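Examining the three-dimensional arrangement
Here's the letter readout for the chains.
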Protein chains: 2
Amino acid sequence: MKFKLRQLEAFQATAKTGSVTRAAKSLGVSQPAVSRLLADFSTAIGFELFERKSGILTPTSEARYMLTEVSRVFESLDHLEDLRRDLKERTAGHLRIACLPGFATSHLPRVLTEFLDNRPGVTLTLEPDRPERILEWIIGQQYDCGITDGFSGHPATERTDISIKTVCILPKGHPLGAKDTISPKDLENEKMVHTRRDSPFNVALTQSFTQDGARMNSWIEVRQFTAACTIVGEGHGASIVSALDAAQYADRGIIIRPFSPNLEHKLSILRPLAGNRSLLVLDFIEAFQNSLKPFIAEAN
Amino acid sequence: MKFKLRQLEAFQATAKTGSVTRAAKSLGVSQPAVSRLLADFSTAIGFELFERKSGILTPTSEARYMLTEVSRVFESLDHLEDLRRDLKERTAGHLRIACLPGFATSHLPRVLTEFLDNRPGVTLTLEPDRPERILEWIIGQQYDCGITDGFSGHPATERTDISIKTVCILPKGHPLGAKDTISPKDLENEKMVHTRRDSPFNVALTQSFTQDGARMNSWIEVRQFTAACTIVGEGHGASIVSALDAAQYADRGIIIRPFSPNLEHKLSILRPLAGNRSLLVLDFIEAFQNSLKPFIAEAN
DNA sequence: CTTGAATATAACATTATGTTATGAAATTGG
DNA sequence: CCAATTTCATAACATAATGTTATATTCAAG
């Protein structure tokens, strides 16, 4: 048979209070409403639930067995309500984030810590890897969100691009530190630490030297801006890196100066196109984007 | 918030089928009915449950979490239905029976075995003890049912009296075995095994001798008819016992003959007056009474 | 036996869930 | 790219479930 929650409520309240009148009060309805609910319930289940003894409705033996199981039904509904509230308030769920290695040890952990602090029921998987794997995971829906760069698009992903400002970093005490802005010409005699030669950002950087009538003196090729920061912070060379990464190394042996022309480093936040829409993931992406605001290039 | 089962059903069916139309079919209602249930549910819980992808309604991440918990709600309702059916069919519950010691090892176990065979979910406590304890337990509602004798009533108990026929038992081969009916006069020279002197049954027995102008030759006083049967079965004396007990010893060295006058042995089935009415207990009592029919005195 | 309290029932009202009809949106196939 | 088909959302109305007030019945207490 199909149970009706209202009948179960009437049943439980009557057993608890010993009276139809008191059950009605506790349920916030009139006494005849409870009387009818109980009568209908008893007919539906096929046996009596109460008998009157000295004016008190006493549950039958069958009713006592039913009450135990009815309590379990309401407990499971209580759990459902707890979950509903957590989901509505986004305080429960699981986040799976794939990111470039540089992100796993810098800005992102701080953003995540703050994000999770307010969400005790939320758990996280954070997986650093190279861009190819990040894309692969997002396409396969193994991760909810990927943070990568140099990404040109894929039909199975939904992408949000963010342009991050870049800056020139020099060893502390470097003579060029006296200038307000560094031009490619200024760096003609500096040993340059730069990202992969064929990366879109490096191509743009090389072009900026050419357009300023200067030649970039290539020294070390690195895979991450954070590696470039570490090298320059040890007193050697110069580099153009994202303002985000430079900020993490501001007091680690480097000077930061604006670079002209303004080159932008393009980050991409990826989500699986076919994945289940998650409010929690959308919340996180918003929080992450907000955290990047100070580093976003103005031209956009 | 207060959940509505119909909304949970609509939600679960839609997630399972990927379509409002198919969900409506599986629920046996029209498509707009499901559409409205889902819309109302989504509004009530405060977040979206589905998004359309390639024509298929895909649960959101929140919806997936909810589905797990909704399944548990329906599982608990399934358990409730199982219990309801068992209770209605009296195939579940617990029986607590207190009886005289003689009953625990004779007729009653057979009745119980048969009763429980058809009720796999029913469990039992069978406790033999003396009449005073049986009454005490019934009054205190520690047992559902007491089977006792020589009981004259108590306001806290509900009682069903059953008059059992009594018969005369003699050792096998006894000369009186040639008679169709035994009278007190026939037994004047026999050593009598009888119950407690002051028991109502024994008082009636003694009176029957006096009224026949005979003197009862008292030999051994026992507490149970079964003990009297054992003694006579070993070739000594005669006794008047309940037909029920005599039947158990029919092939154990005794001859059974009607006794005139017809004396009745009064059994009482007790139930707590204030206890919870149990269909299972009432069923058992009915089964027990039916099992006694062959031994019931005709005068009633 | 009377009075008061509790429960059951009747008649009507409101809400939840159902229907058919239909418009809007999305998908599919040519 | 457009037409046809399918699916979903909404409107208007119907039915069932649950609510109300009024009142009859039953039970308990003094």
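Up top is the structure these notes are about.
Presented here is an overview of the structure given in this document. The shown structure was predicted, so the numbers you read here are calculated from the model rather than taken from an experiment. (Residues numbered from 1 in each chain as written. Chains lettered and ligands numbered in written order. Predicted model: local features only at pLDDT ≥ 70, side-chain atom pairs only at ≥ 80, totals over all residues. Heavy atoms only, no water.)

1. With respect to the protein's contact with DNA strand C
- Surrounding DNA strand C, one finds 21 residues, the nearest of these being Thr21(A), Pro32(A), Arg6(B), Ser30(B) and Arg36(B).
- What you see for DNA strand C is that sugar and phosphate hold 58% of its atoms within 4 Å of the protein.
- In the model, a phosphate oxygen of DNA strand C is placed 3.4 Å from a nitrogen or oxygen of the Ser19(A) side chain.
- Within the side chain of Arg36(B), an N or O atom sits 2.6 Å from a base oxygen of DNA strand C.
- Among the elements of the structure, helix 2 (20-27) and helix 3 (31-45) of chain A together with helix 3 (31-45) of chain B are those that each provide at least two residues to the surface near DNA strand C.
- Grouping the amino acids of the surface near DNA strand C by side-chain chemistry returns 7 nonpolar, 8 polar and 6 charged. (Near = heavy atom within 4 Å. Polar contact = N/O pair within 3.5 Å; in protein donor to acceptor, adjacent residues only side chain to side chain. Helix = DSSP H or I, 4+ residues; strand = E, 2+ residues; numbered from the N terminus. Nonpolar A, V, L, I, M, F, W, Y, C, P; charged D, E, K, R; others polar.)

2. Some details on the interface of chain A and chain B
- The partner chain B presents 45 residues to the 45 residues of chain A that form the contact.
- When the two sides are added together, the surface that chain A and chain B hide from each other amounts to roughly 3900 Å², 61% of it contributed by carbon and sulfur.
- Linking chain A to chain B there are 2 salt bridges.
- Among the ionic pairs, Glu9(B) bridges to Lys2(A), the shortest N-O distance being 3.2 Å.
- Connecting chain A to chain B are 11 residue pairs in polar contact (both at pLDDT 80 or more).
- It is helix 4 (residues 61-88) of chain A that provides the largest number of residues to the side of chain A that touches chain B, a total of 18 residues.
- Of the residues contributing to the side of chain A that touches chain B, the split by class is 20 nonpolar, 11 polar and 14 charged. (Contact = heavy atoms within 4.5 Å. Buried area = accessible area lost by both parts, 1.4 Å probe. Salt bridge = Lys/Arg side-chain N within 4 Å of Asp/Glu carboxyl O.)

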